[in-house]
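Inside the fold
Chain residues, written in single-letter form:
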Amino acid sequence: MSVVAPPGVEFMTDVVAHWAALQPDAEALTYGEVRWTWAQWDDRIRRVAGGLAALGLGPGSRVAFLDKNHPACLEVSLGAGLLGAVNAVINWRLAAGELDYVINDSGASVLFTGAELLPAVQAIRDRLPRVTEVIVVGGPDDAYEPFLAAARPAERSREVTGDDLWLVMYSSGTTGRPKGVMLSHRNIVAHTQNAVPVAPMGRGDRNLVAMPLFHVGGTCYALFGIYAGVPSTFTREPDPASLLAAFGAGVTHAFVVPAVVSALLAAGEQAIAVLSGLKYLLYGAAPMPLPVLRQALATWPGLNFIQVYGQTELAGVISALSPQAHRDAAHQDRLGSAGTLLAGAQVRVVDPASGQDVAVGQPGEFWFRSAQQMMGYLNRPEDTAQAITADGWLRSGDIGHVDDGGFLYVSDRIKDMIITGGENVYSPEVEQAMAEHPAVAEVAVIGIPDDHWGETIMAMVVLRPGHQATGPEIIGFTRERLAHYKCPRTVEIIDALPRNPSGKVLKRTLRAPYWAGRDRQI
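Described in the following lines is the structure provided in the data block. All values reported here derive from a predicted model rather than from experimental measurement.

Bringing the environment of P291 into the picture now. Considering the arrangement of structural elements, one finds P291 in helix 12 (residues 290–299). Residue classification places P291 among the partly exposed residues on the basis of a relative accessible area of 23%. Note: C-alpha distance between P291 and Y227 (64 residues apart in sequence) is 34 Å. Setting aside residues up to four positions removed in sequence, P291 forms contacts with A435 and E436.

Below, the structure is given as structure tokens:
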């Protein structure tokens, strides 16, 4: 039986209030040993609003939340939204110098921090001049529950509109400082309504929220279960023990990164069996190696796999590869695609140099237009102007093409495109081919300077435990699968790929030694 969300939703708090009225005693969410009903959770959200109002916050005010996954993060977001205030969800993995920059950039006057993160906040406290209140969540010095208990529940301010800024999510860019992506109530609601039908939820279903809430793959995915009125289970971290316990406790829907799927496949029969009750497994945020995907499809033949593609600037998902497309024997090449657009979205494929649309099937930059797309970058009008065209198209920075069936294929980031001898090479295509080698665990392909070709292709490879392979052997393997000009000239075997706090491979770090001292980086 399908669950029906309220019509004409303008704010996610309307959804919570709807379920609190319709099914007040039904479970809304579970976190560890704690369980809240819809009526209890609605009350907690309104108490956050009342507590923030008592501190003098109102429309346009800023708060920040710093912790590993905790339902309080959503409570603060929703409660602040009732006042027309804004919550900036901070990446708890940031180093101290990044942490104070992001908190200050957000303009937050109230900082909610998990007890585990309090020492990091105390270490930079003198560098946070705008923060007047620090409220500890959890632990022996918990101030959050007393803050709620003392607050008077508040209703939504009449001044709040759907176009008001609601959330700031910091993008995990690989160059420069993190950029605060500004998302309005309308952006988030549009994303939720467009994406929920991709993996429908109904009576008896349970949503797993395991990915970090400082990502749209955490916070915005968490809103799917809330919108559908089904219970959600929160894990503090997506560690194997927490995930397996959640799967074993009746979770039916989950979103994970591809590395989690790979780990589950490698964990043995018990881990494989525990997913037997899962209905939908969404994955994304990084490319899924085709060998891993094929193994997963064979291992769980009854499971609905959905690949999602998007970015923070689009509030999350903009296209999805359906369960049917995953198992379409007549179009197996589409396993390498990012699926088709969500409802209400438009895409153009544009030559980055000329700004003109390219022919169907030809590579170019994806430009999107949707009600989901961000308001802009916080405090960065120039970056916003570069990202959003005058007629409202969002430049994604992703290179790819669209086939004649409307399926999107993502090839690369513009900055990572390799031009060798006048030919454009898109590193994910090379990485996918190399990942088919049985000894390759991870691979990153970069361009390095060459006086003759401009750039040549180099691959950094991490081998699977217990496997051996040489660079020439891997190059020969790749040449059997790709045109020679796309294949690496050199392969370096390394212990691990460098990553940023969000887990993305830092190709600039890999490239840096080879481009040092040069005026151009391509």
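Having seen it, we continue.
The subject of this paragraph is helix 10 (residues 258–266). Since the α-helix advances by 3.6 residues per turn, residues separated by three or four positions end up pointing in the same direction. Within helix 10, the full set of buried residues consists of P258, V260, V261, L264 and L265. One side of helix 10 carries all its buried residues, which in axial view fall inside an arc of 160°. Facing away from the buried surface of helix 10 by more than 90 degrees, the exposed residues are A259 and A266. Turning to helix 10, the residues buried within the fold contact helix 9 (240–248), strand 11 (253–256), helix 11 (269–274), strand 12 (280–284) and helix 12. Remark: G268 follows helix 10 within two positions and exhibits a positive phi of approximately 100°.

With that settled, consider the environment of T509. Position of T509 relative to the elements: it lies in helix 17 (residues 507–515). In this structure the C-alpha to C-alpha distance between T509 and L497, which are 12 residues apart in sequence, comes to 9.6 Å.

Right, let's get into the packing of aromatic side chains. The tally for this structure, following the rule as stated, stands at 12 aromatic pairs. Each ring, one from W19 and one from W38, has its centre 6.5 Å from the other, and the planes form 45°; the classification is tilted. Placement of W19 in helix 1 (residues 12–22) and of W38 in helix 2 (residues 38–54) is noted, with a sequence separation of 19 residues between them. Assessed through its relative accessible area of 0%, W19 is described here as buried. Pairwise contacts between aromatic rings join F65, F112, Y144 and F147 into one cluster. Between K179 and the ring centre of Y377, over which it is positioned, the NZ or CZ distance is 5.1 Å.

In contact at an axis separation of 8 Å, helix 1 and helix 2 are set at 140° when each is read in the N-to-C sense. Handedness of the crossing formed by helix 1 with helix 2: left-handed. Residues T13, V16, A17, W19 and A20 of helix 1 touch helix 2, and the partners they reach there are W38, A39, W41, D42 and I45.

As summarised here, the arrangement of the 3 strands in space is 23-24-25, forming an open sheet in which the pairing is mixed. Each having just a single partner strand, strand 23 (440–450) and strand 25 (490–493) make up the two edges of the open sheet. Along the sheet, successive strands turn relative to each other by an average axial angle of 25°, direction set aside. Here 4 bridges tie strand 24 (residues 454–463) to strand 25, and the two strands are oriented parallel to one another. Counterpart to V461 in the pairing with strand 25 is I493. Lying over the sheet, helix 17 contacts strand 23, strand 24 and strand 25, oriented at roughly 35° with respect to strand 23.

Cut-offs and rules
Residues numbered from 1 in each chain as written. Predicted model: local features only at pLDDT ≥ 70, side-chain atom pairs only at ≥ 80, totals over all residues. Heavy atoms only, no water. Helix = DSSP H or I, 4+ residues; strand = E, 2+ residues; numbered from the N terminus. Buried < 20%, exposed > 50% of the residue type's maximum accessible area, 1.4 Å probe, protein only. Contact = heavy atoms within 4.5 Å. Arc of directions from axis to C-beta. Phe/Tyr/Trp six-rings, centres within 6.5 Å; stacked < 30°, edge-to-face > 60°. Lys NZ or Arg CZ within 6 Å of the ring centre and 35° of its normal. Axes fitted to C-alpha atoms, helices over the stretch in contact; angles between N-to-C directions. Left-handed = near helix turned anticlockwise from the far one by under 90°. Pairing = 2+ DSSP bridges.

Note that all results are geometric; they support no functional claim without further evidence.
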